[in-house]
Amino acid sequence: MPSAPHSRTVSRLQPFGSTIFAEMTALATEHDAINLGQGFPDTDGPASMLEAARQAIADGLNQYPPGPGMPVLRHAIAADRLARYGIVHDPEREVLVTVGATEAISAAILGLVEPGAEVVLVEPYYDSYAAAVALAGATWRSVPMAQDGDRFVLDLDALHAAITPKTRMLVVNSPHNPTGTVLTSAELSAVAELACERDLLVLSDEVYEHLVFDGRTHTPMASLPGMYERTVTVSSAAKTFSVTGWKTGWACGPAELVDAVRTAKQFMSFVAGGPFQPAVAHALEHEQAWVVDMRNSLQRKRDLLADALSGAGFGVYSGGGTYFLCAEIPGTGPHNDIEFCRTLPERAGVAAVPISVFTDHPEQWNHMVRFAFCKRDEVLVEAAERLGRLGVSG
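What counts as what
- Residues numbered from 1 in each chain as written.
- Predicted model: local features only at pLDDT ≥ 70, side-chain atom pairs only at ≥ 80, totals over all residues.
- Heavy atoms only, no water.
- Salt bridge = Lys/Arg side-chain N within 4 Å of Asp/Glu carboxyl O.
- Helix = DSSP H or I, 4+ residues; strand = E, 2+ residues; numbered from the N terminus.
- Buried < 20%, exposed > 50% of the residue type's maximum accessible area, 1.4 Å probe, protein only.
- Domains from an automatic or database assignment.
- Contact = heavy atoms within 4.5 Å.
- Polar contact = N/O pair within 3.5 Å; in protein donor to acceptor, adjacent residues only side chain to side chain.
- Nonpolar A, V, L, I, M, F, W, Y, C, P; charged D, E, K, R; others polar.
- Phe/Tyr/Trp six-rings, centres within 6.5 Å; stacked < 30°, edge-to-face > 60°.
- Lys NZ or Arg CZ within 6 Å of the ring centre and 35° of its normal.
- Axes fitted to C-alpha atoms, helices over the stretch in contact; angles between N-to-C directions.
- Parallel < 35°, antiparallel > 145°, perpendicular 65-115°, else oblique.
- Expected span 1.5 Å × (residues − 1).

With that out of the way, let us pick up the pattern of salt bridges. Any two side chains of opposite charge can pair, given that their charged atoms come close. Summed over the entire model, instances satisfying the criterion amount to 17 salt bridges. Between Arg376 and Asp42 there is a salt bridge, with its nearest N and O atoms 3.3 Å apart. With Arg376 in the loop between β14 (368–372) and α13 (377–393) and Asp42 in the loop between β1 (34–35) and α2 (47–58), this pair connects stretches of sequence that are 334 residues apart. Of the charged contacts, one joins Arg84 and Asp80 as a salt bridge, the two residues approaching to 2.7 Å between their closest N and O atoms. Pair noted here: Arg84 and Asp80 are both in helix α3 (residues 71–85), with a separation of four residues, about one helical turn. Using a relative accessible area of 10% as the deciding quantity, one classes Asp80 as buried. The network of salt bridges with common partners includes Asp214, Arg216, Arg302 and Asp303.

Let us look at the domain arrangement of the protein chain. Taken domain by domain, the protein chain comprises domain 1 (11–45 + 288–391) and domain 2 (47–286). If you average the C-alpha positions of domain 1 and of domain 2, the two centres end up 24 Å apart. With 41 residues of domain 1 at the interface, the matching set in domain 2 holds 45 residues. Inspection of the domain 1/domain 2 interface yields one salt bridge. For Asp214, the salt bridge goes to Arg302, with nearest N and O atoms at 2.7 Å. At the boundary of domain 1 and domain 2, one finds 21 residue pairs in polar contact (both at pLDDT 80 or more). Among the elements that make up the side of domain 1 that touches domain 2, the one with the highest residue count is helix α11 (residues 288–311) (eight residues). Among the residues forming the side of domain 1 that touches domain 2, the class breakdown is 19 nonpolar, 15 polar and seven charged.

The next thing to look at is the side chain of His218. You can see His218 is positioned in the loop between β7 (201–205) and β8 (231–236). The exposure class of His218 is buried, given its relative accessible area of 11%. A distance of 2.8 Å separates polar atoms of two side chains, one belonging to His218 and the other to Glu206. Excluding anything up to four places from it in sequence, His218 contacts Tyr85, Ser174, Pro175, Glu206, Glu209 and Val212.

Scanning the model with the defined rule gives 13 aromatic pairs in all. Aromatic rings pair up to connect Phe152, Tyr317 and Trp365 into one cluster. A cation sits over an aromatic face here: Arg370 above Phe324, 3.6 Å from the ring centre. One cation-aromatic arrangement involves Lys375 over Phe40; the distance from NZ or CZ to the ring centre is 3.9 Å.

Running from N to C, helix α4 (residues 100–112) and helix α9 (residues 255–265) point in directions that differ by 105 degrees, and their axes come no closer than 7 Å. By the angle class used here, α4 and α9 are roughly perpendicular. Listed contacts from α9 to Glu103, Ala104, Ala107, Ala108, Leu110, Gly111 and Leu112 of α4 are Leu257, Ala260, Val261, Ala264 and Lys265. Its residues placed into classes, the contact of α4 with α9 shows nine nonpolar, one polar and two charged.

With 24 residues, α11 ought to run about 34 Å at 1.5 Å a step, and its terminal C-alpha atoms sit 35 Å apart, in line with that. Following α11 by one or two positions, Gly313 has its phi on the positive side, about 95 degrees.

Between Glu123 and Pro124 the backbone carries a cis peptide bond, its omega angle lying at 0 degrees. By secondary structure assignment, the location of Pro124 is in the loop between β3 (118–123) and α5 (128–135). Note the cis peptide between Asn177 and Pro178, where omega equals 20 degrees. As for its position among the elements, Pro178 is in the loop between β6 (167–173) and α7 (185–198). A positive phi angle, close to 70 degrees, is found at Phe270, a residue other than glycine. Topologically, Phe270 is positioned in the loop between α9 and α10 (276–286). Phe270 gets classed as partly exposed once you look at its relative accessible area, which sits at 41%.

Now the structure itself:
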């Protein structure tokens, strides 16, 4: 018999060969389940933005745009950050358009972290962070978030303990995927003080910056004392304007840091999609009211799903932002998060993702799953009914 195929993937990338999202999506399809596993909306963004993209195609903007991004978008990003946060960016040298936030994250780590250096991640973490560190030939150390009642908090003592002489960068994500946590001003200030004290770079993933609920406000890491000169801020149009398929993101920061990101990015994709860039610029300038309405709608959707999960016996953690709610699995059914999620599509007709796959210490997180609520109301109502039957039937 022929031997099993031997992986030719380099060793540093072998742990990242497949994702949980593909498995859960396949199970959702097999069992005709509602897929609340992947974080993408099932409705489109503002109509004027979509029309602007169509017009850009019709106007012939279909060839390579400038490498750093079209000036119209870079200027719109800089103007938006000035208007909302009071942060001044030179759009010519301090704003870089990327193929989504994921490319910006990878390019920042590749461009700013030497092989053998260390990057500190807060777990659970977005799965591309560790892969990007591995691509750079660096290593990561993870710091777990702590559970505090029905929310998560940053373990500041553990964060301090994770810093070594080899640490080059901290990766901070608020609002946080996958837990939905919005870090408090005190937590962010403590991170800033540590970064300044230890002379660390900070990669601040702020893709959910507009999606904060319950009267909270988003605080950019770069706005804190001493942080502008050491922070690369990443965001995108995907979550702000419900266009995850457009892959239009950006990195902002001081010119010397953005230049390092650009140096890596130009050999990854060279440029981002042309026709989408003037459309996103239009949305940043003219569709802020749409964003507010979308945020209010998402808060209501979060509450609908939270009530359904509580009724089905889940222990629900308060989601301060993003698309996601985390919940402890109920006493009935499998007690391991991966097995629970593998059986949930058949048992309840709903798909979720296990939190432990986003961590380096799965044994600390294997009682928790993540649900996405960025779906149409009728989809969430049906999911709530199905989850309710799970609570009755066990």
